[in-house]
Amino acid sequence: MKLLYNVIIYTIITGFLVFLLIYEKRIGAKIKEYRVVVSEKISNFFKITEPEKRKNIRLTVDVVETLTSAIVLVLIIQHFYLGNFVVPTGSMEQTIMPKDRLLGDMVSYRLFTKPKRGDIIVFKEPSENKQLYTKRLIGLPGDRIKIAEDGTLYVNGKSVKEGKLNREYSQRGFMGDKEWVVPKKGDVVQVIGAQIITDNSEDVKQVDIETLQSMIAKSDEKVKEATLINYARFLLNGKYETGPILDFKYDEKMRDALIHGQKVVLTEDFYMALGDNTNNSFDSRYWGFVSEERLKGKPIFRFWPIFRKIDVDTGKYVEKDNTGKYVDGNGNIAKRTKLKFNIGVLH
């Protein structure tokens, strides 16, 4: 159903853009006529008779119409075809550096392909439901994901020692050393309790669903329902305790059902995403899984800045710190630096 909806939307929008391209001259002439009519009506409404002022109004109408048309076309292209993203943090170093500007494929995931393990993805984060995040997809629907103490990533019981996921990971967030199963469409989930921050504010206490419901009934400040799902303990298919599914906190009916012990059948697939720089990344280990609905696109090309400094000895990107020295993401000072061409395809 979702694919059909996307096909219809893209057919309409692409048809509209092709129509504009084919009949560009005819449409341009019509728009020019309307500009004259609108500027004349504005001048007459304000009873402006001086030729110079009427000319300025025509010029203003022309500029406003041109800018509006350009902005609308750019927004359509960016949202549906070729996205333009900026990465504000170092969570994807050294693959993507802070303030890198990227072009993204906004079509493939909607119409042609499913995300693949190892893809860099852009999605609307579920933690606050406000920002776009750029991370690497490491878990597909149904995958079992675990990070070992030595930093090795395990997918479905096998260590990943080559390819895009071959890097050192860290046991952080709610995931820690646990094995999480990535939810998929048709899975049954339920809340079996929560992780409650104690009065100490640093210690976390595990409580079961009965204790949780009792605390809610008593209006305990430690379990405000609006944010409870952030700390909920989820059970998948009656046997796997897994990470948070924060989408439920934006659906009051579903949230209430889960908090009161009911089971919910998932209607879409989910994914797990981590930053390449896992020691400095707020990702799935902290807030759980990314629903398919949240996926926006796949960054494919970096176009800015044109050059970046690298450490000659290590080949790593470096940036100036507040002392004026060039350091890499781990704080190591570069003795020698040089410029590297930064534009290119992302992997």
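See the structure shown above.
The structure presented is a predicted model; accordingly, all values stated were derived computationally and were not measured.

### Concerning the packing of aromatic side chains
(1) Moving on: Inspection of every chain in the model, using the stated rule, returns 12 aromatic pairs.
(2) Moving on: Ring geometry for Tyr133 and Trp287: centres 6.3 Å apart, planes at 50 degrees, overall tilted. Of this pair, Tyr133 sits in strand β4 (residues 132-139) while Trp287 sits in helix α8 (residues 284-287); the two residues are 154 residues apart in sequence, bridging distant segments of the chain. Neither residue differs from the other here; Tyr133 and Trp287 are each classed as buried.
(3) Moving on: Consider the rings of Phe282 and Tyr286, whose centres lie 5.5 Å apart with planes at 45 degrees: the pair is tilted.
(4) Moving on: In this structure Phe282 comes out as partly exposed when scored by relative accessible area, which is 37%.
(5) Moving on: One aromatic cluster is present, formed by Tyr10, Phe80 and Tyr81 through successive ring pairs.

### Quick word on the pairing of strand β11 (residues 232-236)
(1) Moving on: Burial within β11 is extensive, with 5 of its 5 residues counted as buried.
(2) Moving on: Side chains Ala232, Phe234 and Leu236 of β11 all project onto a buried face; the interleaved residues Arg233 and Leu235 project onto the opposite face, where all are buried too.
(3) Moving on: As defined by bridge partners, β11 adjoins strand β12 (residues 240-242) across 3 bridges and the pair is classed as antiparallel. The residue bridging Phe234 from the neighbouring strand is Thr242, located in β12.
(4) Moving on: Taking the residues between adjacent antiparallel strands as the criterion, β11 and β12 are bridged by 3 residues, where Asn237 takes a positive phi near 55 degrees.

### Some remarks on the layout of surface pockets
(1) Moving on: Volume-wise, the largest pocket comes out at about 690 Å³.
(2) Moving on: If you trace the largest pocket, you find 25 residues lining it, with Lys2, Leu3, Asn6, Arg110 and Glu292 closest to the centre.
(3) Moving on: At the level of secondary structure, the elements contributing two or more residues to the lining of the largest pocket comprise α1 (2-22), α3 (51-80), α4 (108-111) and β16 (295-304).
(4) Moving on: In terms of residues, the lining of the largest pocket owes the most to one element, α1, which gives 6 residues.
(5) Moving on: Residue composition of the lining of the largest pocket, grouped by class: 11 nonpolar, 5 polar and 9 charged.
(6) Moving on: Along the wall of the second largest pocket there are 13 residues; nearest its centre are Leu20, Ile27, Ile31, Ser69 and Leu73.
(7) Moving on: Secondary-structure elements contributing two or more residues to the lining of the second largest pocket are α1, α2 (24-45) and α3.
(8) Moving on: Tallied by class, residues from the lining of the second largest pocket come to 7 nonpolar, 3 polar and 3 charged.

### Quick word on α2
(1) Moving on: Across its 22 residues, α2 extends 31 Å between first and last C-alpha, which sits within 8% of the 32 Å expected from 1.5 Å per residue.
(2) Moving on: Looking one or two residues beyond α2, the residue adopting positive phi is Lys47, at roughly 55 degrees.

### A short note on the side chain of Gln190
(1) Moving on: For Gln190, the position within the fold is in strand β9 (residues 188-197).
(2) Moving on: Judged by its relative accessible area of 15%, Gln190 is buried.

### So, the pattern of salt bridges
(1) Moving on: Tallying each qualifying case throughout the model produces 19 salt bridges.
(2) Moving on: As a salt-bridge pair, Arg54 and Glu40 come within 2.4 Å of each other at their nearest N and O atoms. Taken together, the positions of Arg54 in helix α3 and Glu40 in helix α2 put the pair 14 residues apart, joining distant regions of the chain.
(3) Moving on: Look at Glu40 and you get partly exposed, because its relative accessible area is 25%.
(4) Moving on: The partner of Lys114 in a salt bridge is Glu292, and the shortest N-O contact between them spans 2.6 Å.

### Examining the packing of α2 against α3
(1) Moving on: For the pair α2 and α3, interaxial distance at closest approach is 9 Å and the crossing angle is 130 degrees. Looking at the two axes, α2 sits oblique to α3. Considering how the two elements wind past one another, α2 and α3 form a crossing that is right-handed. Seen from α2, the contacting residues are Ile31, Arg35, Val38, Ser39, Glu40, Ile42, Ser43 and Asn44; seen from α3, they are Arg54, Ile57, Arg58, Val61, Asp62, Glu65 and Thr66.
(2) Moving on: Across the contact of α2 with α3, the residue classes break down as 5 nonpolar, 4 polar and 6 charged.

What counts and what doesn't
Residues numbered from 1 in each chain as written. Predicted model: local features only at pLDDT ≥ 70, side-chain atom pairs only at ≥ 80, totals over all residues. Heavy atoms only, no water. Phe/Tyr/Trp six-rings, centres within 6.5 Å; stacked < 30°, edge-to-face > 60°. Helix = DSSP H or I, 4+ residues; strand = E, 2+ residues; numbered from the N terminus. Buried < 20%, exposed > 50% of the residue type's maximum accessible area, 1.4 Å probe, protein only. Pairing = 2+ DSSP bridges. 1 Å grid on protein atoms, 1.4 Å probe; cavity = no way out; pocket = protein on both sides within 12 Å on 5 of 7 lines; lining within 4 Å. Points joined across faces, edges and corners; volume = space filled by probe spheres on them. Nonpolar A, V, L, I, M, F, W, Y, C, P; charged D, E, K, R; others polar. Expected span 1.5 Å × (residues − 1). Salt bridge = Lys/Arg side-chain N within 4 Å of Asp/Glu carboxyl O. Axes fitted to C-alpha atoms, helices over the stretch in contact; angles between N-to-C directions. Parallel < 35°, antiparallel > 145°, perpendicular 65-115°, else oblique. Left-handed = near helix turned anticlockwise from the far one by under 90°. Contact = heavy atoms within 4.5 Å.

Distances and angles like these do not, on their own, reveal function.
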